Amino acid sequence: MVIGGEHWDAADGRTLESIDPFTARSWATVPRAGAKDVELAVDAARSALGGEWGTMSATARGEALHRLADLIAEHAEELAVMETRDNGKVIRETRGQVAGLPSIYRFFAGAADKIEGSTFSPPQTNFLTYSQKRPIGVVAAILPWNSPLYLLANKLAPALAAGCTFVAKPSEYTSVSTLRFAELALEAGLPPGVLNVVTGDGEAGAALAEHPGVDKVTFTGSTATGQKIMKAAAENIAPVTLELGGKSPNIVFDDADLGAAVNGIVAGIFAATGQTCIAGSRVLVHEDVADRVIAEVSQRASAIRMGDPLDMETEMGPIAFDQQLQKVASYVDGAVRDGAAVAYGGGRPAADELATGYFHEPTVLTGVHNQMAVAREEIFGPVASFITFGSEDEAVQLANDTPFGLAAGIWSTNIQRAHRVAGQLSAGTIWVNAYRTLAYNVPYGGMKQSGIGREYGLEGLEEYLETASIWVELSGQTRDPFQLG
Ligand code: NAD
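Chemist: Would you mind going over the overall build of the chain with me for this structure?
Modeler: A count of helical and extended segments in the chain gives 16 helices and 22 strands. In terms of overall size, the chain behaves like a compact globule, its C-alpha atoms giving a radius of gyration of 24 Å where 485 residues would be expected to give roughly 23 Å. In terms of overall dimensions, the chain has C-alpha extents of about 80 × 55 × 40 Å along its principal axes. The long-range fraction of contacts in the chain, counting pairs at least 24 apart against all pairs at least 6 apart in sequence, stands at 74%. Approximately 19300 Å² of the chain is accessible, and the part contributed by carbon and sulfur atoms is 51%.

Chemist: Before we go on, may I ask you to explain the sheet that holds strand β13 (residues 282-286) in this structure?
Modeler: Consider a sheet: its strands pair through backbone hydrogen bonds, and that pairing is either parallel or antiparallel. Taken in spatial order, the seven strands of this open sheet run β14-β15-β16-β13-β12-β18-β19, and their pairing is mixed. Edge strands, defined here as strands with exactly one partner in the open sheet, are β14 (341-344) and β19 (429-432). The mean angle between the axes of side-by-side strands here comes to 25°, regardless of whether they run parallel or antiparallel. Of the strands in this sheet, β14, β15 (363-366) and β16 (383-389) touch helix α12 (residues 322-337), which is tilted by about 25° from β15. Packed on one face of the sheet, helix α15 (residues 415-422) meets β12 (249-252), β18 (407-411) and β19 and runs near 165° to β18.

Chemist: What's the story with the site of the ligand in this structure? I'm lost.
Modeler: Not every one of the 29 residues close to the ligand is listed here, only the nearest: Leu143, Lys169, Glu172, Ser222 and Glu378. Measuring from an oxygen atom of the ligand, one finds a backbone N or O atom of glycine 221 at 3.4 Å. Take glutamate 378: an N or O atom from its side chain is 2.5 Å from an oxygen atom of the ligand. When isolated, the ligand has an accessible area of 850 Å², and the protein chains bury 88% of it. Among the secondary structure elements, those contributing two or more residues to the shell around the ligand are α8 (202-209), β10 (216-220) and α9 (223-234). When grouped by side-chain class, the residues that make up the shell around the ligand number 14 nonpolar, nine polar and six charged. Among the domains, domain 1 (2-244 + 450-470) and domain 2 (249-432) are the pair contributing at least three residues each to the shell around the ligand.

Chemist: It is not clear to me how the sheet that holds strand β22 (residues 465-473) should be interpreted in this structure. Could you clarify?
Modeler: Taken in spatial order, the three strands line up as β5-β6-β22 in an open sheet, and their pairing is antiparallel. Two strands bound the open sheet, and with one partner strand each, they are β5 (119-120) and β22.

Chemist: Explain the packing of aromatic side chains here, please?
Modeler: When we look at a pair of aromatic rings, we describe it by the centre distance and by the angle of the planes. If you walk through the whole model with that rule in mind, you get 12 aromatic pairs. With 5.5 Å between their ring centres and 85° between their planes, phenylalanine 127 and tryptophan 471 make a pair best called edge-to-face. With phenylalanine 127 in strand β6 (residues 127-135) and tryptophan 471 in strand β22, this residue pair connects regions lying 344 residues apart in the sequence. When its relative accessible area of 15% is taken as the criterion, phenylalanine 127 is described as buried.

Chemist: Would you mind going over the packing of helix α1 (residues 35-49) against α8 with me for this structure?
Modeler: Packed helices, taken two at a time, are described by the angle between their axes plus the distance between the axes. Direction vectors running N to C along α1 and α8 enclose 45°, while the axes themselves pass 9 Å from each other. The orientation of α1 relative to α8 falls into the category oblique. In this structure, α1 crosses over α8, and the sense of that crossing is right-handed. Contact residues: α1 offers Ala35, Val38 and Val42, while α8 offers Ala204, Ala207 and Leu208. Its residues placed into classes, the contact of α1 with α8 shows six nonpolar, no polar and no charged.

Chemist: Explain the domain arrangement of the chain here, please?
Modeler: Interface size is often expressed as the accessible area that is lost when the parts come together. As assigned here, the chain comprises domain 1 (2-244 + 450-470) and domain 2 (249-432). Opposite the 23 residues of domain 1 that make contact, domain 2 presents 32 residues. Interface area, domain 1 with domain 2, both sides summed: about 2200 Å², of which 64% is carbon and sulfur. One can count zero salt bridges joining domain 1 with domain 2. Applying the counting rule to domain 1 against domain 2 returns eight residue pairs in polar contact (both at pLDDT 80 or more). Among the residues forming the side of domain 1 that touches domain 2, the class breakdown is 10 nonpolar, seven polar and six charged.

Chemist: Help me understand the side chain of glutamate 243, please; the structure alone is not making it clear to me.
Modeler: Mapped onto the elements of the fold, glutamate 243 is located in strand β11 (residues 240-243). In this structure, glutamate 243 is buried with no salt-bridge partner, the nearest side chain bearing the opposite charge being arginine 454 at 5.8 Å. Those residues in contact with glutamate 243 that lie beyond four places of it in its chain are Lys155, Phe219, Thr220, Gly221, Tyr444, Gly445, Gly446, Ser450, Gly453, Arg454 and Glu455.

Chemist: Explain the environment of arginine 25 to me, please; I cannot follow it from the model alone.
Modeler: Tracing the sequence through the fold places arginine 25 in strand β4 (residues 25-31). Separated by 75 residues in sequence, arginine 25 and glycine 100 have C-alpha atoms that sit 29 Å apart. Look past the residues within four positions of arginine 25 in its chain and what remains in contact with it is Ser18, Ile19 and Asp20.

Chemist: What should I look at first to understand α8 in this one?
Modeler: Because an α-helix completes one turn every 3.6 residues, residues spaced three or four positions apart along the sequence face the same direction. Taken together, the buried positions of α8 are occupied by Ala204, Gly205, Ala207, Leu208 and Ala209. Here the buried face of α8 lies against α1, β7 (138-142), β8 (165-169), β10 and α9. The N-terminus of α8 is capped by aspartate 201, whose side-chain oxygen sits 3.1 Å from the backbone nitrogen of glutamate 203.

Chemist: Is there a simple way to explain the pairing of β18 in this structure?
Modeler: In regular strands, side chains alternate between the two faces of the sheet. Of all five residues that make up β18, five are buried, and the element is covered over most of its length. Residue alternation in β18 divides its side chains into two sets, Ala407, Gly409 and Trp411 and Ala408 and Ile410, and both sets are buried. Across three bridges, the pairing between β12 and β18 is parallel. In the strand pairing of β18, isoleucine 251 is matched with isoleucine 410.

Chemist: Which parts of the structure should I look at to understand the pattern of salt bridges?
Modeler: Opposite charge on two side chains permits pairing when their charged atoms draw close. For the structure shown, the criterion picks out 24 salt bridges. Here glutamate 93 makes a salt bridge to lysine 89, at a shortest N to O gap of 3.2 Å. For the pair glutamate 93 and lysine 89, a shared accessibility class is recorded, and that class is buried. The partner of arginine 305 in a salt bridge is glutamate 315, with the nearest N and O atoms 3.7 Å apart. With arginine 305 in the loop between α11 (290-302) and α12 and glutamate 315 in the loop between α11 and α12, the pair connects residues that are 10 residues apart, well separated along the chain.

About the thresholds
- Residues numbered from 1 in each chain as written.
- Predicted model: local features only at pLDDT ≥ 70, side-chain atom pairs only at ≥ 80, totals over all residues.
- Heavy atoms only, no water.
- Helix = DSSP H or I, 4+ residues; strand = E, 2+ residues; numbered from the N terminus.
- Rg over C-alpha atoms; globule rule 2.2 N^0.38 Å.
- Contact = heavy atoms within 4.5 Å.
- Areas by Shrake-Rupley, 256 points an atom, 1.4 Å probe, with all protein chains shown as cover.
- Pairing = 2+ DSSP bridges.
- Axes fitted to C-alpha atoms, helices over the stretch in contact; angles between N-to-C directions.
- Near = heavy atom within 4 Å.
- Polar contact = N/O pair within 3.5 Å; in protein donor to acceptor, adjacent residues only side chain to side chain.
- Nonpolar A, V, L, I, M, F, W, Y, C, P; charged D, E, K, R; others polar.
- Domains from an automatic or database assignment.
- Phe/Tyr/Trp six-rings, centres within 6.5 Å; stacked < 30°, edge-to-face > 60°.
- Buried < 20%, exposed > 50% of the residue type's maximum accessible area, 1.4 Å probe, protein only.
- Parallel < 35°, antiparallel > 145°, perpendicular 65-115°, else oblique.
- Left-handed = near helix turned anticlockwise from the far one by under 90°.
- Buried area = accessible area lost by both parts, 1.4 Å probe.
- Salt bridge = Lys/Arg side-chain N within 4 Å of Asp/Glu carboxyl O.
- Lys, Arg positive; Asp, Glu negative; His and termini not counted.

This is the structure we're talking about:
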């Protein structure tokens, strides 16, 4: 681990294996932290806040983030390969993701010296009253396995721009790239203790979330874990940012460009093997075009190239780990028991070369009802559930009938309908005639049980700042000590 600028094993010597999901073999051994290690990391972050970093100018913090961005760009290939080996995400996506990281750091590097307070005009005229935006302090970040460095950047870049210090706990399935990244941060000149990385499972995550030395907890992961983290943080009244799960509707109207919609459905649920929070896992399709759309999506699914995720030709890699594969399979079985039909896929692929890795076929389920488990719960795998509707009102009602509110897609060539429907959907991100596109300067986050707070853009920076209001008496007169005002 990287704590206070030095490498550490877990205090009790425990380790865990990182399994490459394509070979099903361990490819790295990382420390498995417990409460003692977390304590050390939080202390290191606290000391760094009171040290050089705490007194550094905002301009210098921005420069440090720019140097970090340069180093990421220089090491992009190394980092992309690490991520693909850790979670099986295809290299054509991890390369793109890592190539995009510098922009995130540069956006927030540029924002560091633009953090401003305000002056106010209260009714008490004999005061100069102004506010300061201050770093919230020590930030704990607990992260999932599907996009380790990208999801880290969404938290770390604004937190450092704000002047916070940071303890990151990557997923137990994908620690390697984050450890390497912490070394690059030191090389970029971030003072020791500004970024600390502890590796381990939920035990380390829980120790971090409940630690009284943590001023803010930011989490990306499942809704169930998010609930636990929010409860733990509540003990310390530590604010939380939660980026949680989804069950996003991808809505195809009968006036849609169906070719584009089919492409968007494939992007929504089969890209990244469906292991994305914004997966368009509920495909709501108008009954007049349903047969055609299902046939075309099935056809596209049958042509998807599965294989070694390190091969640029591969379109769908394995599921990230064995237990997750079992989970995906059991949802498909459950859907069939509940009355859904499998239009394509439904199980493990037959090809010999895919037998070792944790592969699951891209799967198209039809006849799904919105109350079935497969339509209500997040599967986090390549399973598209098709639900038909007859009217615009019904589409909106079905889309919103979910505990989640992360993302949604609308496919229609009717501009009035597209805006009308977009305005009615309870989702943090809504795409019209597109799916799965995001940018570092556009706010992103979830409604309902998909989360609290926003990442990206200047709203993302606010999550790591807090406001102090300062009242300066100007008249020098004595005030009535028993009167507020
Ligand atoms: P997870 O909730 O199982 O684990 C996430 C992290 O929490 C891991 O680091 C884990 O070790 C840690 N953890 C587990 N138990 C904990 C506890 N009791 N206290 C503190 N930490 C604990 O999620 P996952 O399976 O790694 O990731 C997949 C989930 O992440 C999906 O639900 C997906 O939708 C969500 N996700 C959301 C977004 C988003 O932006 N909204 C992005 C990516 C992934």
